[in-house]
Amino acid sequence: MQCPLLYRFRVIDKLPEKPSEAATRGTLVHAVLERLFDAPAADRTAPRARALVPGQWDRLLEARPELAELFDGDAGGERLSRWLGEAERLVERWFSLEDPTRLEPAERELSVETELDSGLRLRGVIDRIDVAPSGEVRIVDYKTGKAPRPEYADGPLFQMTFYALVIRRLKGVLPRRLQLVYLGSGDVLTYDPSMADLERVERKLLALWEAIALATRTGDWRPRPTKLCGWCDHRAVCPEFGGTPPVYPLSVRPAEAGEDVQGRMEPVRAEAGRSVALEGP
Ligand code: SF4
């Protein structure tokens, strides 16, 4: 939804991307917030959460040794300790937004997968699911960035409604509330979805998949430059920046009359963060 050409580079060409400090800090903060719930409720304090940061960073490095390159040349460790300090501040801010001593999540870091009637498979990872005694379900997602201005809220809301659609199909309940917790700015955004919202997202996903299938067949993946290009690892091979994409690795068939790749790829503002996945029938 952000840029068709970027999708091609990532999914079809599988071009490697360098780890980023911001994304890795997000992964680290998510791990800390998840692990904190291992402790008894009364012990889920800010100092305890902060103290989890270095150990979770070690675990992350063990699982993904390539992350060490983020701090290449940081012989004195100043950059690393500043970065860890930023992660600690984000973790601490969470305590001004939610009270983990009063929460018992039903699920944490839940991998979900379901199939729509069309055969399109949806996958994602949900940060937290809370279930009230009444059975009402709340889906919670942590963001380490700042809350978007209202006109940019479509992307995160789309992601949350995607999760609501998956949960509705898996558990048969319409989640009562979707909650985005922005640790970067200290904001909590909530939205109570309706069945009509879920149906709208399902239609959008099907249209998106058709657009992806058509672009895959025709090789017509166009760049869509936005401010997010500044974060893109593939500027050197992007025509918008004077580059030439690698030879398309799939065989192509021209679009037939009436098939319009770009018309189908309606932009939806997205934000860097946890991705959701589509897989065709
Ligand atoms: S630089 Fe921008 S336009 Fe080019 S592929 Fe990356 S996101 Fe798309």
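Residues numbered from 1 in each chain as written. Predicted model: local features only at pLDDT ≥ 70, side-chain atom pairs only at ≥ 80, totals over all residues. Heavy atoms only, no water.

1. A closer look at the environment of Val125
Quick note on the threshold: Each helix is a run of DSSP H or I of at least 4 residues and each strand a run of E of at least 2, with the numbering of both proceeding from the N terminus.
With respect to the helices and strands, Val125 occurs in strand β2 (residues 121-131). When the C-alpha positions of Val125 and Tyr163 are compared, they lie 8.4 Å apart, and in sequence the two are 38 residues distant.

2. Re the site of the ligand
Counted only if it meets this: Whether a residue is near a molecule or strand depends on its heavy atoms: if one lies within 4 Å, it is near. Amino acids outside the nonpolar list (Ala, Val, Leu, Ile, Met, Phe, Trp, Tyr, Cys, Pro) and the charged list (Asp, Glu, Lys, Arg) are all regarded as polar, and Gly is one of them.
For the ligand, the full set of nearby residues is Cys3, Leu6, Pro223, Arg224, Pro225, Cys229, Cys232, Arg235, Cys238 and Phe241. Grouping the constituent residues of the shell around the ligand by class yields 8 nonpolar, no polar and 2 charged.

3. A word on the confidence of the model for the protein
Any residue range with low pLDDT should be treated as having predicted coordinates unsuitable for detailed reading. We apply this condition: As a per-residue quantity, pLDDT reports the predictor's confidence and falls between 0 and 100. Contacts are assigned to residue pairs with any non-hydrogen atoms lying within 4.5 Å of each other.
Residues at a pLDDT of 70 or more form 91% of the protein, whose mean pLDDT is 92. Within the model, the stretch residues 268-274 combines pLDDT values under 50 with 21 contacts to residues more than four positions away or in other chains.

4. With respect to unusual backbone geometry
For Lys14, which is not glycine, the phi dihedral falls at a positive 55°. Structurally, the position occupied by Lys14 is in the loop between α1 (4-12) and α2 (21-36).

5. Topic: α1
Which entries qualify depends on this criterion: Think of it in three bands: residues with accessible area under 20% of the maximum for their type are buried, residues over 50% are exposed, and the middle band is partly exposed, with areas taken using a 1.4 Å probe on protein chains only.
Among the residues of α1, those classed as buried are Pro4, Leu5, Leu6, Arg8, Phe9 and Ile12. Tucked inside the fold, the buried residues of α1 contact α6 (195-218). Following α1 by one or two positions, Lys14 has its phi on the positive side, about 55°.

6. Some details on the nonpolar core
One recurring pattern in soluble globular proteins is that nonpolar side chains are buried together. Heads up, the condition is: The term nonpolar core refers to a set of buried residues drawn from Ala, Val, Leu, Ile, Met, Phe, Trp, Tyr and Cys, joined through side-chain atoms within 4.5 Å.
By size, the foremost hydrophobic cluster in this structure holds 24 residues, and its most contacted members are Leu28, Trp57 and Trp94. Here this core takes 6 residues from helix α4 (residues 78-94), the largest share from any one element. With near-sequence residues (within four places) excluded, Trp94 lies in contact with Leu33, Leu36, Phe37, Pro100, Arg128, Tyr142, Val181 and Leu183. Formed by 23 residues, the second largest nonpolar core is a distinct cluster that contains Leu110, Leu120, Ile126 and Ile129.

7. A closer look at the packing of α2 against helix α3 (residues 46-63)
The line we're drawing: Only the contacting stretch of a helix is used when fitting its axis, a line to C-alpha atoms as for every element, and angles between N-to-C directions run 0 to 180 degrees. Between 65 and 115 degrees an angle is taken as roughly perpendicular, under 35 as roughly parallel, over 145 as roughly antiparallel, and anywhere else as oblique. Left-handed describes a crossing whose near helix is turned anticlockwise from the far helix by less than a right angle; the clockwise case is right-handed.
With their axes 9 Å apart at the nearest point, α2 and α3 run at an angle of 120° to one another. It follows that α2 is oblique to α3 by the angle criterion. When the axes of α2 and α3 are compared, the crossing they make is right-handed. Contacts between α2 and α3 involve Thr24, Thr27, Leu28, Ala31, Val32, Arg35 and Leu36 from the former and Arg48, Ala49, Leu52, Val53, Gln56, Trp57, Arg59 and Leu60 from the latter.

8. Some points on the pairing of strand β3 (residues 137-143)
Counted only if it meets this: Pairing between two strands is assigned when DSSP locates at least 2 bridges connecting them. By convention, orient the strands away from the viewer: a clockwise path from the first strand over the helix to the second makes the crossover right-handed.
With respect to burial, β3 is a largely interior element, 6 of its 7 residues being buried. With 4 bridges joining them, β2 and β3 adopt antiparallel strand pairing. Along β3, the bridge assignment pairs Arg128 with Val140. Where β2 hands over to β3, the hairpin turn is made up of 5 residues, of which Gly135 adopts a positive phi near 95°. Here β3 runs beside strand β4 (residues 177-182); their pairing, made up of 6 bridges, is parallel. Bridge assignment links Ile139 to a residue of β4, and that residue is Leu178. Handedness of the crossover joining β3 and β4 through helix α5 (residues 154-171) is recorded here as right-handed.

9. Details of the packing of aromatic side chains
The description of an aromatic ring pair uses the distance of the two centres, along with the angle that the planes make with each other. Cut-off, in case you're wondering: Geometry of aromatic contacts follows a simple scheme: Phe, Tyr and Trp rings, the Trp one being its six-membered ring, pair when their centres are within 6.5 Å, and the pair is stacked under 30 degrees between planes, edge-to-face over 60, tilted otherwise.
Taken as a whole, this structure holds 8 aromatic pairs when the rule is applied. Relative to Trp221, the ring of Tyr7 lies with its centre 5.4 Å away and its plane at 20°, an arrangement referred to as stacked. Of the two residues, Tyr7 is situated in helix α1 and Trp221 in the loop between α6 and α7 (261-264); the sequence distance between them amounts to 214 residues. With relative accessibility at 25%, the residue Tyr7 sits in the partly exposed group. Seen from their ring centres, Phe71 and Trp83 are 5.2 Å apart, and the 65° between their planes marks the pair as edge-to-face.

10. Brief notes about the pairing of strand β5 (residues 187-191)
Pairing of β4 with β5 involves 5 bridges; the strand directions are antiparallel. Pairing of Val181 across the sheet is with Val188, part of β5. Two successive antiparallel strands, β4 and β5, enclose a turn made up of 4 residues, where Gly186 displays a positive phi of approximately 75°.

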